[in-house]
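# Close look at the chain arrangement
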Amino acid sequence: MRRFFLIAVPYAWLLVLFLIPFVIVLKISLSDTALSIPPYTPTLDFSGGWAGLKAFFSALDLENFWFLTSDDLYWKAYLSSVWIAVASTLLALFVGYPIAYGMAQARDEWRPTLMMLVILPFWTSFLIRVYSWMGILSQEGFLNQFLLWTGIISEPLIILNTNTAVYVGIVYTYLPFMILPIYAALEKLDASLLEAAEDLGCSRIQAFWLVTVPLSKNGIIAGCFLVFIPALGEFVIPSLLGGSQTLMIGKVLWEEFFNNRDWPVASAVAVILLMILIIPIILFQRNEQKQREAEQ
Amino acid sequence: MTEPVFAPWDDPNEKPLIEFKNVTKRFGDFTAIDDLTLDIYEREFFALLGPSGCGKTTMMRMLAGFETITEGTILLSGKNIARVPPNRRAVNMMFQSYALFPHLTVWDNIAFGLKREKLPKDQIEARVQEMLKLTRLEKFSKRKPHQISGGQRQRVALARSLAKAPKLLLLDEPLGALDKKLRQDTQFELMDIQEKTGTTFVIVTHDQEEAMTVASRVAVMDEGRLIQVATPAGIYEMPNTVYVADFIGDVNIIEGHGTKTGDGYDVTFAEGQPALHAKTDAQLGEAARCYLAIRPEKVTISAERPDGAVNVVQGTIHDIAYLGNLSTYHVELPTGQILKAQAANTRRLSRRSFTWEDKVWLSWTDTAAVVLER
Ligand SMILES: Nc1ncnc2c1ncn2[C@@H]1O[C@H](COP(=O)(O)OP(=O)(O)OP(=O)(O)O)[C@@H](O)[C@H]1O
Ligand SMILES: [Mg+2]
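Fair warning: this is a prediction, and the values are worked out from it, not measured in the lab.

## Regarding the overall build of chain A
Of the regular secondary structure elements, chain A holds 14 helices and 2 strands. Here chain A has a C-alpha radius of gyration of 24 Å; the compact-globule value for 296 residues is 19 Å, and the former is much larger. The principal-axis extents of the C-alpha atoms in chain A amount to approximately 80 × 65 × 35 Å. Across the 296 residues in chain A, those meeting the buried criterion constitute 39%. Counting only contacts in chain A whose residues sit at least 6 apart along the sequence, the fraction spanning at least 24 positions is 71%. Per element, the accessible surface of chain A, about 17,400 Å² overall, is 71% carbon and sulfur. Distance from the positive charge centre (16 side chains) to the negative charge centre (22 side chains) of chain A: 8 Å.

What follows is the structure in structure tokens.
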């Protein structure tokens with residue numbers, strides 16, 4: 001009985017917060033647009049009895065998904081999202097790994113403080129932080145003013161409203177998700193392993209590549225997924241920091257919903273996005289599983 | 001033709017492989033190694049023995065290059081090693097915690113050091129195979145360290161440190177987790193390897209029997225200092241302090257007052273007990289307070305007073321420890337002191353000659369006891 005409840009709680013949670021919303025979105029994606037409230041047909045109506053239900057199901061079709069293939073905007077947006085997410089994940093890894101490494105090397109009494117510093121930005125609103133990046137990156141922003149003042153550049157750089165600004169925004173926002181799992185892996189690393197590697201003839205750098213990196217692999221993988229997955233569907237950052245040429249699926253989705261009021265197509269976009277995300281999510285979970293097995 | 005005795009430490013022309021010269025190591029204000037001077041010679045099997053925390057691992061780590069030396073110098077083949085990084089020393093260490101690479105298989109763990117030397121593949125292969133065979137790990141070569149038992153892990157660590165055939169091999173409690181049989185086999189294996197390769201071994205152990213079996217010399221340490229360095233027989237037969245006598249093997253310690261007579265000392269230890277005589281070259285100081293250390297197996301136990309024995313005391317059997325091949329009798333003297341005597345069990349249990357509360361005589365010769373000042 002106890003066991004049943006323990007299992008039932010997470011499943012109920014998944015059912016209410018994930019599966020039911022997903023079924024609703026899936027249903028909308030199979031519907032047609034209409035000038036009504038809500039802006040699609042058919043709607044589920046139980047008063048019609050069995051025949052009504054039958055009519056409801058026969059009105060559902062894959063038309064919206066076909067539509068997505070007819071316009072190259074959509075697959076280009078998916079592709080460009082994947083590209084931006086991959087690139088910013090790699091950037092976050094290159095920035096985050098040294099930070100995590102430094103934290104793990106720091107003296108014990110410093111570590112909680114460093115950890116706080118990594119988490120601290122989360123205590124301010126995400127939107128405010130993105131807006132402040134606009135203030136930094138704009139043509140009259142702090143960065144350009146500083147570079148002009150030092151004389152490195154004579155003309156202000158155009159960064160805001162380009163893809164560069166999007167990379168900066170994503171890396172900045174999701175960096176803690178990269179740092180924390182890597183730090184957790186590095187912190188567990190037994191220092192005597194590095195000594196053993198050196199004893200067996202490795203230089204410090206070789207020991208880093210042959211021991212430290214492989215042993216933090218799970219942290220790296222976890223961090224990469226934790227950055228990649230939200231970055232792929234990111235909407236706020238590309239729309240605030242990106243320009244008109246920045247193509248990301250999150251933005252397309254938003255426009256379909258709110259500018260075109262085409263809920264069915266928007267839902268189809270969302271369903272496909274979810275399909276794309278399911279692959280890395282499953283890979284991520286498998287990685288976690290493997291790690292847990294290895295630790296036993 | 002007699003085989004020359006291996007005793008380079010007695011030969012003034014011999015150059016030591018390792019020289020500790022007044023080495024001190026401090027962690028903060030804690031002194032882990034205290035002004036230690038020691039020579040270890042090539043082809044030696046040198047055992048470090050001592051209680052937990054006395055600085056054995058610290059000594060090893062200084063040799064391997066993981067601890068800096070606070071004061072003094074360590075020479076390896078006559079060269080100061082203070083500035084040589086660990087990966088440039090012809091020294092390999094087997095870590096007390098094994099330090100196996102968890103992401104590599106047993107095979108790759110053993111091959112790790114060989115691969116760093118950029119040896120050809122088939123040579124690496126052959127060497128790893130040899131090591132696997134030696135440590136009887138062939139069946140486990142594809143497993144990861146977390147998939148094998150503690151004793152198997154220890155063998156992997158041993159194989160990994162042996163693989164590079166270093167000039168100096170440091171073994172920090174290499175056999176602690178093995179069962180007795182395997183431990184003895186591995187001990188002989190180690191001695192065999194040592195003979196074949198001529199590698200110098202420094203081994204830390206908590207097991208005195210192990211130290212006695214494998215070592216050419218044994219160093220007994222306490223609180224960062226060397227108390228005695230000698231051959232196993234020397235340590236056992238001629239300990240230089242009560243501490244060493246007590247640390248190695250079983251011993252009776254009798255505290256008394258010595259007076260010089262003839263070729264040794266007469267030691268009076270209690271009212272109404274005869275003075276005990278021991279031959280010695282040692283000279284006691286003014287106070288003449290001294291200790292006699294007598295190994296239980298050198299004490300003869302008998303029902304009748306033995307004729308012509310130099311040292312005889314009487315007592316009652318307080319306890320008997322049956323050890324299979326031997327029995328140790330704990331005999332209580334009239335003074336309340338307990339002396340231990342060991343005798344071989346040549347007869348069956350039911351026909352043993354002594355039992356509890358028997359009155360017995362203990363006797364030993366004048367060379368059995370060692371006179372110690374402290
Ligand atoms: N890094 C360190 N910082 C401070 N103290 C240390 C450090 N390493 C060792 N010590 C201390 O130095 C002393 C000697 O330690 P060491 O590890 O050499 O002991 P050991 O003889 O190997 O003991 P064991 O038989 O338990 O392995 C101990 O008291 C230990 O607490
Ligand atoms: Mg130790």
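## What about the layout of surface pockets?
Residues and elements named next belong to chain B. Computed from the structure, the second largest pocket encloses a volume of approximately 300 Å³. Forming the walls of the second largest pocket are 20 residues, and the residues nearest its centre are Glu237, Met238, Ala369, Val370 and Val371. Of all elements in the fold, only α7 (232-237), β14 (289-294) and β20 (370-372) reach the threshold of two or more residues within the lining of the second largest pocket. At 3 residues, β20 tops the list of elements feeding residues into the lining of the second largest pocket. Here the residues of the lining of the second largest pocket are counted per class, giving 12 nonpolar, 3 polar and 5 charged.

## Observations regarding the site of ligand 1
All names here are of chain B. The environment of ligand 1 is formed by 13 residues, the closest being Ser52, Gly53, Lys56, Thr57 and Thr58. Between Gly53 and ligand 1, the recorded distance is 2.8 Å, taken from a backbone N or O atom to an oxygen atom. Note that an oxygen atom of ligand 1 is positioned 3.2 Å from one of the backbone N or O atoms of Cys54. Expressed as a share of its isolated accessible area of 630 Å², the protein-covered part of ligand 1 is 63%. Among the secondary structure elements, those contributing two or more residues to the shell around ligand 1 are β2 (30-40) and α1 (56-64). Ranked by the residues each element gives to the shell around ligand 1, the list is headed by α1, at 3 residues. Residue classes in the shell around ligand 1 are distributed as 4 nonpolar, 7 polar and 2 charged.

## Points about the UniProt feature "domain: ABC transmembrane type-1" (unreviewed entry) in chain A
UniProt feature "domain: ABC transmembrane type-1" (unreviewed entry): in the numbering of this structure it lies at residues 78-284 of chain A. Taken end to end, residues 78-284 of chain A is 77% helix and 0% strand, and its two terminal C-alpha atoms sit 20 Å from one another.

## Here's the deal with the packing of helix α6 (residues 126-137) of chain A against helix α8 (residues 163-188) of chain A
Residue and element names in this part refer to chain A. One way to put it is that α6 packs onto α8 with a least axis distance of 11 Å and a crossing angle of 140 degrees. Judged on the interaxial angle alone, α8 and α6 are oblique. Crossing of α6 over α8 shows right-handed handedness. Seen from α6, the contacting residues are Phe126, Arg129, Trp133 and Leu137; seen from α8, they are Ala165, Val168, Tyr172 and Thr173.

## As for the sheet that holds strand β6 (residues 91-94) of chain B
All names here are of chain B. Taken in spatial order, the 6 strands make up an open sheet running β6-β7-β8-β3-β9-β10, and their pairing is mixed. For this open sheet the edge positions go to β6 and β10 (225-230), each flanked by a neighbour on one side alone. The mean inter-strand angle of the sheet, taken between neighbouring strand axes irrespective of direction, is 15 degrees. Sheet analysis places strand β7 (residues 168-172) next to strand β8 (residues 200-205), joined by 5 bridges and oriented parallel. Across the sheet, Leu170 pairs through a bridge with Val202, a residue of β8. Packing against the sheet, α1 makes contact with β3 (45-49), β6, β7, β8 and β9 (217-222), and its axis sits at approximately 150 degrees to β7.

## Describing the confidence of the model for chain B
Residues and elements named next belong to chain B. Of the residues in chain B, 97% have a pLDDT of 70 or more, and the chain-wide mean is 88. Of all secondary-structure elements in chain B, the lowest mean pLDDT belongs to helix α5 (residues 180-197), at 82, while helix α2 (residues 106-116) reaches the highest, 94. With a pTM of 0.80, the predicted complex shows an ipTM of 0.80.

## Here's the deal with the packing of α2 of chain B against helix α4 (residues 150-163) of chain B
All names here are of chain B. It is at 7 Å that the axes of α2 and α4 come closest, and there the two elements cross at 25 degrees. Considering the angle they form, α2 stands roughly parallel to α4. Between α2 and α4 the crossing geometry is right-handed. Where α2 approaches α4, its residues Val106, Asn109, Ile110 and Leu114 are matched on the opposing element by Val156, Ala159, Arg160 and Ala163.

## Quick word on the coordination of the magnesium ion (ligand 2)
Residues and elements named next belong to chain B. Here the magnesium ion (ligand 2) is held by the protein donor atoms Thr57 (OG1) and Gln96 (OE1), which lie 1.8 to 2.4 Å from it. Of this pair, Thr57 sits in helix α1 while Gln96 is found in the loop between β6 and α2, placing the two residues 39 residues apart along the sequence. By relative accessible area, Gln96 is classed as partly exposed at 40%.

## As for the UniProt feature "domain: ABC transporter" (unreviewed entry) in chain B
Under the present numbering, the feature "domain: ABC transporter" (unreviewed entry) in UniProt falls on residues 18-248 of chain B. As a span, residues 18-248 of chain B carries 37% helix and 26% strand, and end to end its C-alpha atoms are 25 Å apart.

## Focus on the UniProt feature "transmembrane region" (unreviewed entry) in chain A
Residue and element names in this part refer to chain A. The feature "transmembrane region" (unreviewed entry), as given by UniProt, occupies residues 12-30, 81-101, 113-130, 166-186, 207-232 and 263-284 in the numbering adopted here. The span residues 113-130 is 67% helix and 0% strand, and its two end C-alpha atoms sit 25 Å from each other. End C-alpha to end C-alpha, residues 263-284 measures 31 Å, and it is 100% helix and 0% strand.

## Quick notes on the pairing of strand β16 (residues 311-322) of chain B
Each regular strand displays side chains that alternate between the two surfaces of the sheet. All names here are of chain B. Relative to strand β19 (residues 359-364), β16 runs antiparallel, the two sharing 6 bridges. Note that in β19 the partner of Thr316 across the bridge is Lys359. Summarising the sheet, β16 and strand β17 (residues 326-332) pair through 6 bridges and their orientation is antiparallel. When the bridges of β17 are listed, Tyr322 appears paired with Ser327. Hairpin connection of β16 to β17: 3 residues between the antiparallel strands, including Gly324 at a positive phi of 90 degrees.

## Thoughts on helix α9 (residues 191-199) of chain A
Along α9 of chain A, 7 of the 9 residues are buried, which leaves the element largely enclosed by surrounding structure. On its buried face, α9 of chain A is in contact with α10 (204-215) of chain A together with α1, β6, α2 and α4 of chain B. Of the residues one or two after α9 of chain A, Gly201 of chain A is the one with positive phi, at around 110 degrees.

## Structural notes on the interface of chain A and chain B
At the interface, 17 residues of chain A touch 21 residues of chain B. Carbon and sulfur atoms supply 61% of the area buried between chain A and chain B, which totals about 1,700 Å² over both sides. On the chain A side of the interface with chain B, the three residues burying the most area are Glu195, Asp199 and Leu200 of chain A, jointly 40% of the side's total. There are 1 salt bridge connecting chain A and chain B. With a closest N to O distance of 2.8 Å, Glu195 of chain A and Arg61 of chain B form a salt bridge. For the pair chain A and chain B, the number of links is 7 residue pairs in polar contact (both at pLDDT 80 or more). Elements that contribute at least two residues to the side of chain A that touches chain B include exactly α9 and α10 of chain A. Of the residues forming the side of chain A that touches chain B, the biggest block, 7 residues, is contributed by α9 of chain A. Partitioned by chemical class, the residues of the side of chain A that touches chain B number 10 nonpolar, 4 polar and 3 charged.

What counts, and where the lines are drawn
- Every chain is numbered on its own, with residues counted from 1 as its sequence reads.
- Chains carry letters from A onward and ligands carry numbers from 1 onward, assigned in written order.
- Per-residue local features of the predicted model are confined to residues with pLDDT of at least 70, and side-chain atom pairs are confined, for both listing and counting, to 80 or more; whole-chain, interface and lining totals are unaffected and use all residues.
- Think of the side-chain values as coming from all heavy atoms in the structure, minus any hydrogens and water.
- Think of it this way: any DSSP run of H or I at least four residues long counts as a helix, any run of E at least two long counts as a strand, and we number them from the N terminus.
- Our radius of gyration is a C-alpha quantity, and the globule rule it is checked against amounts to 2.2 Å times the number of residues to the power 0.38.
- Residue burial is assigned from relative accessible area. The probe radius is 1.4 Å, only protein chains are included, and a residue is buried under 20% of its type maximum, exposed over 50%, and partly exposed in between.
- Working rule for contacts: check all heavy atoms of both residues, and any pair within 4.5 Å makes them a contact.
- Reported accessibility uses the Shrake-Rupley method at a 1.4 Å probe radius. Residues are deemed covered only where the shown protein chains occlude them.
- Only four residue types enter the tally: Lys and Arg on the positive side, Asp and Glu on the negative side, with His and both chain ends excluded.
- Here the site of a charge means atom NZ of a Lys, CZ of an Arg, CG of an Asp or CD of a Glu.
- Cavities and pockets are found on a 1 Å grid laid over the protein atoms alone: a cavity is a set of points where a 1.4 Å probe fits but cannot escape, a pocket is an open set with protein on both sides within 12 Å along at least five of seven lines, and a lining residue has an atom within 4 Å of such a point.
- Grid points are joined across faces, edges and corners, and a volume is the space filled by probe spheres set on the points.
- The residue classification treats Ala, Val, Leu, Ile, Met, Phe, Trp, Tyr, Cys and Pro as nonpolar and Asp, Glu, Lys and Arg as charged. All others, Gly included, are polar.
- A molecule or strand has a residue near it when one of that residue's heavy atoms lies within 4 Å.
- Under the rule applied, a polar contact is a pair of N or O atoms within 3.5 Å (in protein, one hydrogen donor and one hydrogen acceptor; residues adjacent in sequence only if both atoms are side-chain atoms).
- UniProt positions are given in the numbering used here, feature names are shortened, and annotations may be inferred rather than shown by experiment.
- Geometry is summarised by axes, namely lines fitted to C-alpha atoms with helices restricted to the contacting stretch, and by angles between N-to-C directions that run from 0 to 180 degrees.
- Convention used here: angles under 35 degrees read as roughly parallel, angles over 145 as roughly antiparallel, angles from 65 to 115 as roughly perpendicular, and any remaining angle as oblique.
- Handedness of each helix crossing follows the sense of rotation of the near helix against the far helix: counterclockwise by less than a right angle gives left-handed, clockwise gives right-handed.
- Two strands make a pair as long as DSSP finds a minimum of two bridges between them.
- Each residue carries a pLDDT score, the predictor's confidence in it, ranging from 0 to 100.
- Coordination here is defined by N, O and S atoms within 2.8 Å of the metal (3.2 Å for Na, K and Ca), and since water is not considered, a site can look incomplete.
- Defined in terms of a 1.4 Å probe, buried area is the accessible area two parts forfeit on being brought together, summed over both.
- Put simply, a salt bridge is a Lys or Arg side-chain nitrogen that is within 4 Å of an Asp or Glu carboxyl oxygen.

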